[in-house]
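Each chain is listed here by its residues.
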Amino acid sequence: MSKWWRAVATTAGGQRLSEANSRRSYFTIQAIPREVTGSRVSSRDRAQGRIPAVVFSQNYVQSKPNDPTSIVAASSVSRKFLLTTERKQIKTIIDSIDLPFFYSTTFPLQIRAGSGSSTLLESGKVLPIKIHRDEETGKILNLVFVWAEDGTKLKVDVPVVFKGEQECPGLKKGGYLNKIRPTLKFLCPAEHIPQKIEVDISQLDVEDKVSLHDIDVHPMCKLLSKNEAVPVCKIKATIVES
């Protein structure tokens, strides 16, 4: 018989929430306005160690009460800024936080009048939603952020992290972990975005699984799935070749 185990978001409360907030506030992304656009200007910025970026407002709502996947933009794009950021700082942030969690982490953003200027034009909290890279070199070409002020509802792909593999009875018996859902999509108020979902498999036996309805997050976060019985992971028996 399968057992059902709870998975906990790392920002669910207490110490974990404090640690996440501390980590998020440590990096304040610095940017300056980008008045001129175009491939030549962008190439020049990249050659000078900067990365073109854009930030805009986006707020989502669930249009059909009984359909968690019916998410639409509540308003048109607004509060849009074309920016340049420093490549060294962005690289430091990604290296420190790890790329899968970059898209589920909010950061303070400060837009200053110019490089080295003390004049603050705009500030707020943002969520990265896309990185454009060069297909051959992997270098970052552009960044896309959305404003993530408290109360704003955003769609977020939250990485799933599995723990307890060394203690897992099913794995000790020779089974293997089938990671079915590496990320989970939520509609979250910006202030309650979980950086990751931890799934504890330390007590799972062969054929045991964790399903979407076992995921425990802040009550204001809505899982965007019509079928919450879908498994996130399962301990499968190892197939022995004859």
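The preceding data block contains the structure.
Each chain carries its own residue numbering, running from 1 in the written order of its sequence. In keeping with the model being predicted, local features are shown solely for residues with a pLDDT of at least 70 and side-chain atom pairs are shown and tallied solely at 80 or more, while totals for entire chains, interfaces and linings include all residues. The basis for the side-chain values is all heavy atoms of the structure; hydrogens and waters are excluded.

### Things to note about the packing of aromatic side chains
For step 1, the next point in the chain: Only rings of Phe, Tyr and Trp enter the pairing, Trp through its six-membered ring, and a pair is recorded when the two centres are within 6.5 Å. The plane angle decides the type: under 30 degrees is stacked, over 60 is edge-to-face, the rest tilted. Across all of its chains, the model carries 3 aromatic pairs by this definition.
For step 2, the next point in the chain: Aromatic side chains Phe 81 and Trp 147 sit 6.3 Å apart centroid to centroid with 80° between the ring planes, which places their arrangement in the edge-to-face category. With Phe 81 in strand E6 (residues 78–86) and Trp 147 in strand E9 (residues 140–147), this pair connects stretches of sequence that are 66 residues apart.
For step 3, the next point in the chain: The rule is simple: take the accessible area with a 1.4 Å probe, protein chains only, and divide by the maximum for that residue type; under 20% is buried, over 50% is exposed, in between is partly exposed. By relative accessible area, Phe 81 is classed as partly exposed at 26%.
For step 4, the next point in the chain: Following the ring pairs from residue to residue traces out a cluster consisting of Phe 102, Tyr 103 and Phe 107. Each helix is a run of H or I in the DSSP string that is no shorter than four residues. Each strand is a run of E no shorter than two, and both are numbered from the N terminus.

### Some details on the sheet that holds strand E14 (residues 209–211)
For step 1, the next point in the chain: Two strands pair under a simple rule: DSSP has to find at least two bridges between them. Here 3 strands make up an open sheet; going across it, the order is E11-E17-E14 and the pairing antiparallel. Each having just a single partner strand, strand E11 (176–179) and E14 make up the two edges of the open sheet. Ignoring which end each strand starts from, the neighbouring axes of this sheet average 15° apart.
For step 2, the next point in the chain: Across 3 bridges, the pairing between E14 and strand E17 (residues 231–236) is antiparallel. Within E17, the position partnered with Ser 211 by the bridge is Pro 231. Interaxial angles span 0 to 180 degrees and are taken between N-to-C directions of axes, which are lines fitted to C-alpha atoms, for helices over the stretch in contact.

### Points about the pattern of salt bridges
For step 1, the next point in the chain: By definition here, a salt bridge exists when the distance from a side-chain nitrogen of Lys or Arg to a carboxyl oxygen of Asp or Glu is within 4 Å. Applying the stated criterion to the full structure yields 10 salt bridges.
For step 2, the next point in the chain: Across the salt bridge formed by Arg 79 and Glu 122, the nearest N and O atoms sit 2.8 Å from each other. Pair noted here: Arg 79 is in strand E6 and Glu 122 is in strand E8 (residues 120–133), with a separation of 43 residues, a long-range link.
For step 3, the next point in the chain: Taking relative accessible area as the criterion, Arg 79 reaches 29% and is therefore assigned partly exposed.
For step 4, the next point in the chain: Connected through shared salt-bridge partners, Arg 79, Glu 122 and Glu 149 make up one network.

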